[in-house]
Amino acid sequence: MSALLSLQEVSVWLGARRVISNASLDINRGEFVGLIGPNGAGKSTLLKTAAGLLPASAGACLSAGAPLRSLTAPERARRIAYLPQARPVFWSVTAREIVALGRFSFGAPLGEAPRDAAAIDRAMDEAGAAQFADRPAADLSGGELARVHLARALAGETPLLLADEPIAALDPAHQLSVMALLRAKTDEGRAVIAALHDLSLAARYCTRLVMLGGGHVAADGTPKDVLTPSLLHEIFNVDAAINITQDGPDIRLRPLGN
Ligand SMILES: Nc1ncnc2c1ncn2[C@@H]1O[C@H](COP(=O)(O)OP(=O)(O)OP(=O)(O)O)[C@@H](O)[C@H]1O
Ligand SMILES: [Mg+2]
């Protein structure tokens, strides 16, 4: 069977810069993939390309065997949900109206069917955003709004979720609950690719890590295979002491040479 998402030798040029170079990835149901790499490594660019929002300059992007560019926007939205890294809200809309946009490809919020309403309410519950439903979105705190946007991405109930730094603005309790939620979604048979900067949480919850460095896939495998002192030195410029056991990861980072 075709992979849920297949990137084959994908390169992306932005202006005069080659931001992604020959990236190949197959993502299957049941995988929670942590996309890690330093600032500017290309994580957001890769996710936008995988979402069909940025064209690949070379290579192929396939969704269940079909080229992404052959799908209409609603077809793509029913297969792939995308949570962007930057999520400003300038309009006078409620939190629930933002989440309802996650059902746009099914007709909501213009004509919200009972199935849409149930999916919207469920996603708000799961993301810990139900209590904000009727609040103006522009009044919410950064972390509260992040949970509302996550609910928007979950509401489409897509087989694949691409989440760009889903826990960056969250407090520790919500970081843990969102990572557990994403893992539960993949255990149910969906797939998630999440750009993450917290290597300990990535190692604890993800089934697979993909490390980007300078637009290249530097490593792809289990957390234990990918989080090695030599790769962290080469790609992240840090010295690392790492112990990944069944009880969880113990990762200590120091600046180089200290
Ligand atoms: N439109 C553009 N034109 C030229 N360069 C760009 C453009 N957009 C992004 N870049 C560059 O591409 C590189 C990758 O950017 P990207 O946003 O994908 O990084 P990232 O891994 O998501 O980083 P971060 O951890 O900071 O979010 C960066 O060096 C960035 O400056
Ligand atoms: Mg980014």
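For the structure, check the block above.
The structure reproduced in this document is the subject of the present report.

Reading the values: rules and limits
Residues numbered from 1 in each chain as written. Chains lettered and ligands numbered in written order. Predicted model: local features only at pLDDT ≥ 70, side-chain atom pairs only at ≥ 80, totals over all residues. Helix = DSSP H or I, 4+ residues; strand = E, 2+ residues; numbered from the N terminus. Rg over C-alpha atoms; globule rule 2.2 N^0.38 Å. Buried ≥ 20, exposed ≤ 12 C-beta atoms within 10 Å, placed from the backbone. Pairing = 2+ DSSP bridges. Axes fitted to C-alpha atoms, helices over the stretch in contact; angles between N-to-C directions. Parallel < 35°, antiparallel > 145°, perpendicular 65-115°, else oblique. Left-handed = near helix turned anticlockwise from the far one by under 90°. Contact = placed C-beta atoms within 7 Å. Nonpolar A, V, L, I, M, F, W, Y, C, P; charged D, E, K, R; others polar.

1. Some remarks on the overall build of the protein
Then comes step 1: The helix and strand inventory of the protein stands at nine helices and twelve strands.
Then comes step 2: Since a compact globule built from 258 residues should have a radius of gyration of about 18 Å, the 18 Å found for the protein is in line with a globular shape.
Then comes step 3: If one aligns the C-alpha atoms of the protein with their principal axes, the spans along those axes are about 55 × 40 × 35 Å.
Then comes step 4: Relative to its 258 residues, the protein shows a buried fraction of 41%.

2. Observations regarding the sheet that holds strand β4 (residues 58–63)
Then comes step 1: Ordered by their spatial adjacency, four strands build an open sheet running β2-β1-β4-β5, and the pairing between neighbours is antiparallel. Strands with a single pairing partner mark the edges of an open sheet, and in this sheet they are β2 (17–27) and β5 (66–67).

3. Points about the sheet that holds strand β3 (residues 32–36)
Then comes step 1: Strand order in the open sheet formed by six strands is β6-β7-β8-β3-β9-β10, with mixed pairing between adjacent strands. Strand pairing shows two members of the sheet lacking a second neighbour, β6 (80–83) and β10 (216–221), which therefore form its edges. Within the sheet, the average angular offset between the axes of one strand and its neighbour, ignoring direction, is 15 degrees.
Then comes step 2: As judged from the four bridges shared by β3 and strand β8 (residues 191–195), these two strands associate in the parallel manner. Bridging from a neighbouring strand, Val33 pairs with Ile193 of β8.

4. Here's the deal with the packing of helix α4 (residues 114–126) against helix α5 (residues 142–155)
Then comes step 1: Contact geometry for α4 and α5: axes closest at 8 Å, N-to-C directions at 135 degrees. Classed by the angle they form, the pair α4 and α5 counts as oblique. Once α4 is placed against α5, the crossing between them reads as right-handed. For the pair α4 and α5, the contacting residues are Ala119, Ile120, Ala123, Met124 and Glu126 in the first and Ala151, Leu154 and Ala155 in the second.
Then comes step 2: Grouping the constituent residues of the contact of α4 with α5 by class yields seven nonpolar, no polar and one charged.

5. Some remarks on the pairing of β2
Then comes step 1: Pairing of strand β1 (residues 5–14) with β2, which is carried by seven bridges, proceeds in the antiparallel orientation. Following the sheet pairing, Val10 is matched in β2 by Ala23.
Then comes step 2: In sequence, β1 turns back onto β2 through a hairpin of two residues, with Gly15 there showing a positive phi of about 60 degrees.

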